[in-house]
Amino acid sequence: YGDLVPTTLLGKVVGSIAGLTGVAMFALPAAILASGFIRELNRQDFRVTFGVVSQGPLFEDLDPNIIADVTDRLHMRHIPPRYAIIRRDEEPHALYFVETGQVEIIEPLKPARFLGPGQVFGAIELQKDSQTPQFTATALTDCRLLELPADDFIDLFQNYHELRQAVLRITRQDHDSLLFEKAEEAVREIEEAEQARIAEQERKLSEHEVSA
């Protein structure tokens, strides 16, 4: 067919190098473009998620660094229509941010409420033996939710004073779609532990200065 095939060892080596170089001329730019495309998609997803979180009543006045920490811990969930996201009397386990779709909140003796993009609902057990949710949350349409697991929220709650104050504000406002039972007791325990830790550090520092 007119093919030319190297027959000597040197010819085969040169032919192999030429073949690999030809493939690399196309493969390397494609890999660089794909990497940049994925990085830009991740950046865009982060901006969208950051915007959704910052609109929620619990996080709207918080420092951007705290919101970024929350955003890093979120997990995407796709929920089909009529799926029960939270059932009444179940153990609290997560917060949910509505990115797309509509969620119905039903409470005893109250009219149904409907949550859309940018709104947040859920329940977190801040202390043992907390009250279980007295509402149900059901997806009315195909929904995309951002889920913040309870363990991650409690870690944030313990680390950020501003978030603790926001939880107390939401609790005092009796926000129907968010449940933080025993929030005041949990905040008091954390801040008392912090004060005790600071006092212990100051005592050790003073003892060190006296001994020095």
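If you're wondering where the values come from, they're calculated on a predicted model, not measured in any experiment.

Caption draft 1: Just the overall build of the chain, in detail. Check the secondary structure of the chain and you find five helices and nine strands. Mapped from its N terminus to its C terminus, the chain presents α and β elements in the order α-α-β-β-β-β-β-β-β-β-α-α-β-α. Relative to its 212 residues, the chain shows a buried fraction of 33%. Contacts in the chain between residues at least 24 apart in sequence constitute 75% of all its contacts with a sequence separation of at least 6.

Caption draft 2: The arrangement of the sheet that holds strand β6 (residues 120-123) in detail. The strand order across the open sheet formed by five strands is β1-β8-β3-β6-β9, and the pairing between neighbours is mixed. The two strands at the open ends of the sheet, each matched to only one other strand, are β1 (75-79) and β9 (178-179). Relative to strand β8 (residues 143-149), β1 is paired through five bridges, and the arrangement is antiparallel. The residue bridging Arg77 from the neighbouring strand is Leu145, located in β8. Packing of helix α3 (residues 150-159) onto the sheet brings it into contact with β1, β3 (94-100) and β8, and relative to β8 it is tilted by some 55 degrees.

Caption draft 3: View of the sheet that holds strand β2 (residues 84-86). Read from one edge to the other, the open sheet built from four strands follows the order β2-β7-β4-β5, with strand pairing classed as antiparallel. Bordering the open sheet on either side are β2 and β5 (113-115), each of which pairs with just one other strand. Strand-to-strand twist of the sheet, defined as the mean angle between neighbouring strand axes without regard to direction, takes the value 30 degrees.

Caption draft 4: Summary view of the environment of Gly122. Tracing the sequence through the fold places Gly122 in strand β6. Taking the relative accessible area as the measure of exposure, Gly122 reaches 0% and is therefore buried. As for Gly122 and Glu147, which are separated by 25 residues in sequence, their C-alpha atoms are 9.4 Å apart.

Caption draft 5: Expanded view of helix α4 (residues 161-172). If you check α4, its first and last C-alpha atoms are 17 Å apart, about what twelve residues at 1.5 Å a residue would give, namely 16 Å. Three or more residues of α4 are buried, namely Leu163, Arg164, Ala166, Val167, Leu168 and Ile170. Summarising the contacts, the buried residues of α4 are in contact with α3, β9 and α5 (183-211).

Caption draft 6: Focus on the packing of aromatic side chains. Across all of its chains, the model carries three aromatic pairs by this definition. Measuring from centroid to centroid gives 5.5 Å for Phe59 and Phe97, while their planes differ by 45 degrees, and the two rings are tilted. Taken together, the residues span a long stretch of sequence, with Phe59 in the loop between α1 (9-55) and α2 (64-72) and Phe97 in strand β3 at a distance of 38 residues. Centre to centre, the rings of Tyr96 and Phe121 are 5.3 Å apart; their planes meet at 25 degrees, and the pair counts as stacked. With a gap of 25 residues between them, Tyr96 in strand β3 and Phe121 in strand β6 connect regions that are remote in the sequence. For Phe121, a relative accessible area of 0% translates into the label buried.

Caption draft 7: Region of the structure containing α2. Turning to α2, its buried residues are Ile66, Ile67, Ala68, Asp69, Val70 and Thr71. You can read the cap of α2 off the contacts: a side-chain oxygen lies 2.7 Å from the backbone nitrogen of Asn65, and it is on Asp63.

Caption draft 8: Looking closely at the pattern of salt bridges. Enumeration over the complete set of coordinates arrives at ten salt bridges. A salt bridge links Asp69 to Arg73; the nearest nitrogen and oxygen atoms lie 3.1 Å apart. Of the charged contacts, one joins Arg73 and Asp155 as a salt bridge, the two residues approaching to 2.9 Å between their closest N and O atoms. Taken together, the residues Arg73 in the loop between α2 and β1 and Asp155 in helix α3 connect sequence positions 82 residues apart. The class of Asp155 is partly exposed, set by a relative accessible area of 29%.

Caption draft 9: Region of the structure containing the pairing of β6. Both faces of β6 are covered, namely the face carrying Val120 and Gly122 and the face carrying Phe121 and Ala123. Bridge count between β6 and β9: two bridges; the pairing is parallel. Looking at the pairing, Gly122 lines up with Leu178 of β9.

Definitions and limits used
- Residues numbered from 1 in each chain as written.
- Predicted model: local features only at pLDDT ≥ 70, side-chain atom pairs only at ≥ 80, totals over all residues.
- Heavy atoms only, no water.
- Helix = DSSP H or I, 4+ residues; strand = E, 2+ residues; numbered from the N terminus.
- Buried < 20%, exposed > 50% of the residue type's maximum accessible area, 1.4 Å probe, protein only.
- Contact = heavy atoms within 4.5 Å.
- Pairing = 2+ DSSP bridges.
- Axes fitted to C-alpha atoms, helices over the stretch in contact; angles between N-to-C directions.
- Expected span 1.5 Å × (residues − 1).
- Phe/Tyr/Trp six-rings, centres within 6.5 Å; stacked < 30°, edge-to-face > 60°.
- Polar contact = N/O pair within 3.5 Å; in protein donor to acceptor, adjacent residues only side chain to side chain.
- Salt bridge = Lys/Arg side-chain N within 4 Å of Asp/Glu carboxyl O.

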